[in-house]
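Overview (structure and organization)
So you can see what is in the structure, the chains are spelled out below.
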Amino acid sequence: MVIYGVAALAVCMLAGTLLGELLGTALGVDANVGGVGFAMILLILVTHQLRRRDKFPEASEQGVLFWSAMYIPIVVAMASAQNVVKAVTGGPMAILAGLGATALGFAVVPAMARIGEPGEPLEPLTTPTSDEKQKA
Amino acid sequence: MDQFTSVMADNGLLVAFAVVGTLMLAGGWLSRKLTRGRLQGSAIAILLGLVLAYWGGTVTDGQHGLADFAALSGLSLMGGAMLRDFAIVSTAYGVDLKVIRRAGLSGGLSILLGVLLSFVVGAVVAALFGYTDARSLATIGAGAATYIVGPVTGTAVGASSDVIALSVAAGLVKSVVVMVGTPLIAPLIGLNNPKSAMAFGGLLGTTSGVAGGLAATDKRLVPYGAMTATFYTGVGCLLGPSLFYVVLRAIVGG
């Protein structure tokens, strides 16, 4: 059933978030440390085990894949609910600080990605727009 | 009109689905007509969302962009942290854990370096604009990390509220620029594989920015970038009020 997939996803997310909160408290910071990351690793491990035992049929899979397909629309909703006015009217200092940190971050990506084994580029997307339409 | 608004407000999430669906449709159409598919439809939809958020913010004087219109309040539920993180976690389905483990070292170092670089850039910019006290420098530097690290650090070290507000603004600028800029800059920085996506997530760190930027670049990179970005804010909140503030105080004295 589809709900099994959604429920598995929800349980992983809740467990990961809780773990992130506990880690934050243990470190003495008022923030969730890595909750989403823990949840992702949990989801990968749990579904891998379930699939190996044939306990995660396609219907359950659909419950996870639906939310994966909703990811971009959710990001669009998030963008439309951002406090953009404050970002734009924050004054030159806020804009410069934000821009500078972003530019430097972008610039260092190639150097950091070179540490360890080189990464394999993903296969090029075939006609991304039609692909997206199908997913949406 | 009252009835219209109340029906819309009572069914906020459904209105959000309809609005976002329309934005995606418009984004896909503009992508085909104006850029011949070179700029992805989702990137244009995100950009449209940001522009509308700006317009909504100026009209309503609120803090949640388009969602400050009562009829569109569902956008903040659909785009809020709960569903966003839920969807981010779902993208990890089918990801090979081995790939993540192989890129673990570079991803982990990226988080530390990313937080550090943001702190330094933010503090230097603040110093250029005439701030001399360690409290303000630390808070604005932390804001250049993310708009959550800024206020957390500012509150912890006792910065003034206008400095905290500036730090939030700096973080918002970063998040918006990452959302819009990533698809444009991706080919230049080799952002086309899981490993560079993990480095990217760790270096930029703003969850909303990384989530939006990678979605607009290549959706398959999302789980890798999100994996490291999720640790960034925590590390920033850990280092901001402690190590970073202490070092700054040693440099500027007070």
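For clarity, every value in this text was computed on a predicted model and none was experimentally measured.

**Thoughts on the overall build of chain B**
Summing up its helical and strand segments, chain B has 13 helices and zero strands in all. Start at the N end of chain B and walk to the C end: the helices and strands fall as α-α-α-α-α-α-α-α-α-α-α-α-α. The C-alpha atoms of chain B give 19 Å as radius of gyration, which agrees with the globular expectation for 254 residues (18 Å, within 12%). Reported as C-alpha extents along the three principal axes, the dimensions of chain B are approximately 60 × 50 × 30 Å. Every one of the 254 residues in chain B was classed for burial, and the buried ones make up 57%.

**Observations concerning the interface of chain B and chain A**
Each partner contributes to the interface: chain B provides 104 residues, whereas chain A provides 84 residues. Here chain B meets chain A over a buried area of about 8,100 Å², counting both sides, of which 79% is carbon and sulfur. Broken down residue by residue, the surface that chain B buries against chain A is led by Phe86(B), Val89(B) and Tyr93(B), which jointly contribute 11%. Counting every contact that joins chain B to chain A gives zero salt bridges. Along the contact surface separating chain B from chain A lie eleven residue pairs in polar contact (both at pLDDT 80 or more). Among the elements that line the side of chain B that touches chain A, the one with the most residues is helix H10 (residues 161-185) of chain B, at 16 residues. Of the residues contributing to the side of chain B that touches chain A, the split by class is 65 nonpolar, 30 polar and nine charged.

**So, the domain arrangement of chain B**
All names here are of chain B. Split into domains, chain B comes out as domain 1 (2-79) and domain 2 (97-252). If you average the C-alpha positions of domain 1 and of domain 2, the two centres end up 26 Å apart. Regarding the contact of domain 1 and domain 2, the summed buried area is about 560 Å², with carbon and sulfur atoms giving 78% of it. Counting every contact that joins domain 1 to domain 2 gives zero salt bridges. Our enumeration of links across domain 1 and domain 2 arrives at one residue pair in polar contact (both at pLDDT 80 or more). For the side of domain 1 that touches domain 2, the residue count by class is five nonpolar, two polar and no charged.

**Points about the layout of surface pockets**
Picture a little ball the size of a water molecule; that probe, rolled over the atoms, points out where space is still empty. Space inside the largest pocket adds up to approximately 840 Å³. As for the largest pocket, its lining consists of 31 residues, of which Ala81(B), Arg84(B), Tyr147(B), Ile148(B) and Ser208(B) are closest to the centre. Residue assignment for the lining of the largest pocket shows that the elements contributing at least two residues are helix H1 (2-27) and helix H2 (35-52) of chain A together with helix H5 (81-90), H10, helix H12 (207-217) and helix H13 (222-252) of chain B. For the lining of the largest pocket, the residue count by class is eleven nonpolar, 16 polar and four charged.

**Brief notes about the UniProt feature "domain: Malonate/sodium symporter MadM subunit N-terminal" (unreviewed entry) in chain B**
Feature annotation in UniProt assigns "domain: Malonate/sodium symporter MadM subunit N-terminal" (unreviewed entry) to the following positions: residues 5-251 of chain B. Spanning residues 5-251 of chain B, this segment combines 79% helix with 0% strand, and its end C-alpha atoms are found 56 Å apart.

**Quick look at the environment of Gly28(A)**
By the element assignment, Gly28(A) lies in the loop between H1 and H2. Residues Gly28(A) and Pro118(A), spaced 90 residues apart in sequence, show a C-alpha to C-alpha distance of 36 Å.

**Digging into the UniProt feature "transmembrane region" (unreviewed entry) in chain B**
UniProt tags residues 12-30, 39-57, 69-95, 107-131, 137-157, 164-185, 197-217 and 229-252 of chain B as "transmembrane region" (unreviewed entry). With 90% helix and 0% strand, the stretch residues 197-217 of chain B has end C-alpha atoms that lie 11 Å from each other.

**Let's talk about the domain arrangement of chain A**
Think of interface size as the accessible area that goes away when the parts come together; that is how it is often given. In terms of domain boundaries, chain A breaks down into domain 1 (1-71) and domain 2 (83-114). Computed from C-alpha coordinates alone, the two centres of domain 1 of chain A and domain 2 of chain A are separated by 31 Å.

**Looking at the nonpolar core**
Ranked by size, the top nonpolar core spans 81 residues in total, and within it Tyr71(A) and Phe200(B) carry the most contacts. Tallying contributions element by element places helix H4 (residues 71-80) of chain A first for this core, with eight residues. For Phe200(B), the contacting residues outside a window of four places in its chain are Phe106(A), Val109(A), Val178(B), Thr182(B), Leu191(B), Gly205(B), Val210(B) and Leu214(B). By size, the runner-up hydrophobic cluster in this structure holds 37 residues, among which are Ala94(A), Val152(B), Ala159(B) and Tyr245(B).

**Quick notes on the packing of helix H9 (residues 149-157) of chain B against H10(B)**
Residues and elements named next belong to chain B. Taken N-terminus to C-terminus, the directions of H9 and H10 make an angle of 160°; their axes are 8 Å apart at the nearest point. Here H10 runs roughly antiparallel to H9, going by the angle between their axes. For the element pair H9 and H10, the recorded crossing hand is right-handed. Of H10, the residues touching H9 (which contributes Gly 150, Pro 151, Gly 154 and Thr 155) are Ile 164, Ser 167 and Val 168. Grouping the constituent residues of the contact of H9 with H10 by class yields three nonpolar, four polar and no charged.

**Some details on the side chain of Thr47(A)**
Its place among the elements puts Thr47(A) in helix H2. Apart from residues no more than four positions distant in its own chain, Thr47(A) is found in contact with Phe56(A) and Tyr93(B).

**Some words on helix H6 (residues 91-113) of chain A**
Because an α-helix packs 3.6 residues into every turn, residues spaced three or four apart end up facing the same way. All names here are of chain A. Taking 1.5 Å per residue as the helical rise, H6 with its 23 residues ought to reach 33 Å, and the 34 Å between its terminal C-alpha atoms agrees with that figure. Of all the bends in H6, the largest measures some 30° and sits at Ala 107, one to four residues before the proline Pro 110. Listed as buried for H6 are Met 93, Ala 94, Ala 97, Gly 98, Ala 101, Thr 102, Gly 105, Phe 106, Val 108, Val 109, Met 112 and Ala 113.

Calculation notes
- Residues numbered from 1 in each chain as written.
- Chains lettered and ligands numbered in written order.
- Predicted model: local features only at pLDDT ≥ 70, side-chain atom pairs only at ≥ 80, totals over all residues.
- Heavy atoms only, no water.
- Helix = DSSP H or I, 4+ residues; strand = E, 2+ residues; numbered from the N terminus.
- Rg over C-alpha atoms; globule rule 2.2 N^0.38 Å.
- Buried < 20%, exposed > 50% of the residue type's maximum accessible area, 1.4 Å probe, protein only.
- Contact = heavy atoms within 4.5 Å.
- Buried area = accessible area lost by both parts, 1.4 Å probe.
- Salt bridge = Lys/Arg side-chain N within 4 Å of Asp/Glu carboxyl O.
- Polar contact = N/O pair within 3.5 Å; in protein donor to acceptor, adjacent residues only side chain to side chain.
- Nonpolar A, V, L, I, M, F, W, Y, C, P; charged D, E, K, R; others polar.
- Domains from an automatic or database assignment.
- 1 Å grid on protein atoms, 1.4 Å probe; cavity = no way out; pocket = protein on both sides within 12 Å on 5 of 7 lines; lining within 4 Å.
- Points joined across faces, edges and corners; volume = space filled by probe spheres on them.
- UniProt positions renumbered as here; feature names shortened; annotations may be inferred.
- Core = buried A, V, L, I, M, F, W, Y, C linked by side-chain atoms within 4.5 Å.
- Axes fitted to C-alpha atoms, helices over the stretch in contact; angles between N-to-C directions.
- Parallel < 35°, antiparallel > 145°, perpendicular 65-115°, else oblique.
- Left-handed = near helix turned anticlockwise from the far one by under 90°.
- Expected span 1.5 Å × (residues − 1).
- Bend = angle between axes of the 7 residues up to and from the residue.

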